[in-house]
Amino acid sequence: MSKICYFDANATTRVAPEVVEAMLPFLTERWGNPSSAYTFGNQVAKHIETSRAKAAALLNVDSREIVFTSCGTESINSAIHSALMTQPGKRHVVTTAVEHSATLKFCEHLRKRGYDVTFLPVESDGSMDLHLLEKTIRPDTAIVSVMWANNETGVIFPIEEIGAICRSRGVLCHTDAVQTPGKLKIDVQNLGADFLSLSGHKFHSPKGIGLLYVRRRTRFEPYLIGGHQERDRRGGTENVPYIIGLGRAAELAMEHLDEENTRVRALRDRLEEAVLTTIPATSRNGAKEERLPNTSNIAFDSVEAEAILMLLDQVGICASSGSACTTGSLDPSHVLVAMGLSPARARGSVRFSLGIDSTDEDVDYLLNHLPSIVAKLRAVSPARPPEVKPARRGATASTPGPTRREERKLRREAA
Ligand SMILES: Cc1ncc(COP(=O)(O)O)c(C=O)c1O
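Positions within a chain are numbered from 1, following the residues in the order the chain's sequence is written. In keeping with the predicted nature of the model, local features appear solely for residues at pLDDT of at least 70, side-chain atom pairs appear and are counted solely at 80 or more, and the whole-chain, interface and lining totals rest on all residues. To obtain the side-chain values, all non-hydrogen atoms of the structure were included, while hydrogens and water were left out.

A. Examining the pattern of salt bridges more closely. One side-chain nitrogen of Lys or Arg within 4 Å of one carboxyl oxygen of Asp or Glu is enough to make a salt bridge. In total, this model carries 20 salt bridges according to the counting rule given. For the salt bridge of Arg291 with Glu272, the shortest nitrogen-to-oxygen distance reads 2.8 Å. Here Arg291 is found in the loop between β9 (282-284) and β10 (295-300), whereas its partner Glu272 is found in helix α9 (residues 240-278), with 19 residues between them in sequence. To sort residues, take the accessible area from a 1.4 Å probe on protein chains only and compare it with the maximum for the residue type: under 20% means buried, over 50% means exposed, and anything in between is partly exposed. Looking at Arg291, the relative accessible area reads 2%, which means it is buried. With a relative accessible area of 4%, Glu272 lands in the buried category. Each helix corresponds to a stretch of at least 4 residues labelled H or I by DSSP, and each strand to a stretch of at least 2 residues labelled E; elements are numbered beginning at the N terminus.

B. Region of the structure containing the site of the ligand. If a single non-hydrogen atom of a residue is within 4 Å of a molecule or strand, that residue counts as near it. Taken together, 13 residues lie around the ligand, and Thr73, Asp176, Gln179, Ser199 and Lys202 are the ones closest in. Between the ligand and Gln179, the relevant distance is 2.8 Å, taken from an oxygen atom to a side-chain nitrogen or oxygen of the residue. Think of a polar contact as two N or O atoms within 3.5 Å of one another; within protein, one of them needs to be a possible hydrogen donor and the other a possible acceptor, and neighboring residues in sequence only count if both atoms come from side chains. Between the ligand and the protein, one listed contact pairs an oxygen atom with a side-chain N or O atom of Ser199 at 2.6 Å. Calculation on the ligand without its partners gives an accessible area of 390 Å², and the protein chains cover 92% of this total. Top contributing element to the shell around the ligand by residue count: helix α3 (residues 72-86), with three residues. Charged means Asp, Glu, Lys or Arg here, nonpolar means Ala, Val, Leu, Ile, Met, Phe, Trp, Tyr, Cys or Pro, and polar covers whatever is left, Gly included. Of the residues contributing to the shell around the ligand, the split by class is four nonpolar, seven polar and two charged. Working definition of accessibility: Shrake-Rupley area with a 1.4 Å probe, residue cover restricted to the visible protein chains.

C. Inspection of the sheet that holds β10 at higher detail. Taking strand neighbours across the sheet as the criterion, the three strands line up as β9-β10-β12 in an open arrangement whose pairing is antiparallel. In this open sheet, the two strands that pair with only one neighbour each are β9 and β12 (349-353). Taken over all neighbouring pairs, the strand axes of this sheet differ in orientation by 25° on average, direction set aside. With three bridges joining them, β9 and β10 adopt antiparallel strand pairing. Within β10, the residue paired with Arg284 across the bridge is Ile298. Whether two residues are in contact is decided by their heavy atoms, any of which lying within 4.5 Å being enough. Fitting a line to C-alpha atoms yields each axis, with helices limited to the stretch in contact; the angle taken between N-to-C directions then spans 0 to 180 degrees. With respect to the sheet, α9 is in contact with β9, β10 and β12, its orientation differing from that of β10 by roughly 10°. A pair of strands counts as paired when DSSP detects no fewer than two bridges linking them.

D. Up close: helix α6 (residues 159-169). Turning to α6, its buried residues number three or more, namely Ile159, Ile162, Gly163, Ile165 and Cys166. With its buried residues spanning 160° around the axis, α6 presents them on a single face. Looking at the buried positions of α6, the neighbouring elements they touch are α5 (130-136), β5 (141-145), β6 (172-176) and α7 (188-191). Two residues or fewer after α6 comes Gly170, characterised by a positive phi angle close to 70°. Each direction from the helix axis to a C-beta atom contributes to the arc, which is the arc of those directions.

E. Region of the structure containing the packing of aromatic side chains. Classification of ring pairs uses Phe, Tyr and Trp, with its six-membered ring standing for Trp, and accepts pairs whose centres are within 6.5 Å; under 30 degrees between planes counts as stacked, over 60 as edge-to-face, and the remaining range as tilted. Counting across every chain of the model gives four aromatic pairs. The interplanar angle of 80° and the centroid separation of 4.8 Å between the aromatic rings of Trp31 and Phe40 together place this pair among those described as edge-to-face. Aromatic pair Phe195 and Phe220: ring centres 6.4 Å apart, planes at 50°, arrangement tilted. One end of the pair, Phe195, is in strand β7 (residues 195-199); the other, Phe220, is in the loop between β8 (210-214) and α8 (229-232), and 25 residues separate them in sequence. Look at Phe195 and you get buried, because its relative accessible area is 0%. The ring of Tyr115 has Arg91 sitting right over it, with the charged end atom 4.1 Å from the ring centre. As a reminder, the over-ring test applies to NZ of lysine and CZ of arginine, requiring each to be within 6 Å of the ring centre and within 35 degrees of the ring normal.

F. Looking closely at unusual backbone geometry. Even without a glycine there, the phi angle at Arg231 is positive, about 50°. Within the element layout of this structure, Arg231 appears in helix α8.

G. Main features of the packing of helix α2 (residues 39-59) against α9. Interhelical geometry of α2 versus α9 gives an angle of 30° and a closest axis separation of 8 Å. When the interaxial angle is binned, α2 and α9 end up roughly parallel. As α2 runs across α9, the sense of the crossing is left-handed. Residues Val44, His47, Ile48, Ser51, Lys54, Ala55, Ala57 and Leu58 of α2 touch α9, and the partners they reach there are Val240, Ile243, Ile244, Leu246, Gly247, Arg248, Ala250, Glu251, Ala253 and Met254. Residue composition of the contact of α2 with α9, grouped by class: twelve nonpolar, three polar and three charged. Oblique is the label for any angle not covered by the other classes, which are roughly parallel (under 35 degrees), roughly antiparallel (over 145) and roughly perpendicular (65 to 115). Each crossing gets its handedness from the near helix: less than a right angle anticlockwise from the far helix is left-handed, clockwise is right-handed.

H. Structural context of a nonpolar patch on the surface. Here a patch means residues that are over 30% exposed by relative accessible area and free of salt bridges, tied together within 9 Å if like-charged and within 5 Å if nonpolar (Val, Leu, Ile, Met, Phe, Trp, Tyr). A cluster of nonpolar side chains, namely Val20, Leu24 and Leu27, defines an oily patch on the protein surface of about 250 Å² accessible area. Position of Val20 relative to the elements: it lies in helix α1 (residues 17-27).

I. How the structure looks around the state of the cysteines. Cysteine sulfur atoms are paired as a disulfide whenever they come within 2.5 Å of each other. Going through the model one piece at a time under the given rule, you end up with zero disulfides. In this model Cys5 remains outside any disulfide bridge; the closest cysteine sulfur is found in Cys318, 8.0 Å from its own. You can see Cys166 has no disulfide; the closest cysteine sulfur is in Cys173, sitting 4.1 Å from it.

J. View of the environment of Ser51. For Ser51, the location among the structural elements is in helix α2. Judged by its relative accessible area of 3%, Ser51 falls in the buried class. Each C-alpha atom of the pair Ser51 and Leu366 lies 38 Å from the other, and the pair is 315 residues apart in sequence. Every residue in contact with Ser51, bar those within four places of it in the chain, is listed here: Phe68, Ile243, Ile244 and Gly247.

K. Quick peek at the side chain of Asn285. Checked against the element boundaries, Asn285 lands in the loop between β9 and β10. In this structure Asn285 comes out as buried when scored by relative accessible area, which is 4%. Within polar-contact distance, the side chain of Asn285 engages the side chain of Ser349 at 3.0 Å. With residues near it in sequence (within four places) discarded, Asn285 still touches Thr153, Asn297, Ile298, Ala299, Leu336, Met339, Leu341 and Ser349.

This is the structure we're talking about:
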């Protein structure tokens, strides 16, 4: 496969070689069932517990508070489901309008089942009004579920404060922390969350493994009902190799924290600064400071993000226009629309998300291609802003853009 230049680390990450190495014995010779009574099986169970301890160390929690799941989506669904099942008298859920579809769609599903859900709005920089959150919590609120860092903009919500509000009101708190490992320091002791969800493939372990942190003494009702695995909190034979991989990836995430916040942050800032200063009619979506160190979401006026992404793809550059789970949908990003962007502006926004594999050469390569791609597309865009209209040969300041024939030619070239 030809080399790719990857700017989509919030969608997924490469499985780290150290993770593959840790997993391999459990895909080959150590294939016993951890629930078996004999040594060949229960030896494997011991390795699961070692991995659980590594995952617990990433969060600074007790191993017994970790439940391995199949993905971030399952963890999120399980947390909200459990809060509702263990408090049948409480039928209200509070979340935000900018959550990942794993939360949004599950809450929409709950609404159809007769539950009441409040989707809190956000400000134009993606931040949240905590007074509004306080006012929204009611005696029948079962759970507040708020993401820690937004996957599209990188905007960080103040989970510590949100946890404290929930605690003072006696309401369970879940945070979707899927985008945080390796990027933010996670210390659940300071967060005050009762549940926290992670997904392995966002931090260099394989797709198909996740975890749910459940605070000790929090009543829990399993989502997958079956065997006694995971201390009766998730039925189903454990995905041993992936659990081992996640444990190793948790160790690496702690090691990567410094690099993400120095080298990767500097790369992201260089990319963003260069795009905003060299390409006209561009702007950053989301707060500048309260943001993940690796994420930049940029609006390109008068051009469709999908067209930019297609032309970037032709030169081997991977980026995205939002969540990978909503790619292909013609709707503008719900996150950007909730921040007050017009649908057209939201449709012209691209997310660049970097990671520990990103290099200066990757950023240079992107900066070599992006300005000409945007200029080319704008030249054929009926909605191009006046300041970036290409001049017609021999045109004077008062004669606008290309002729229809020239436009048609440019469109053909860009297609
Ligand atoms: C913020 C956030 N939450 C949840 C998920 C869902 O995780 P998974 O793909 O493991 O189900 C994602 C994945 O894109 C995400 O970015």
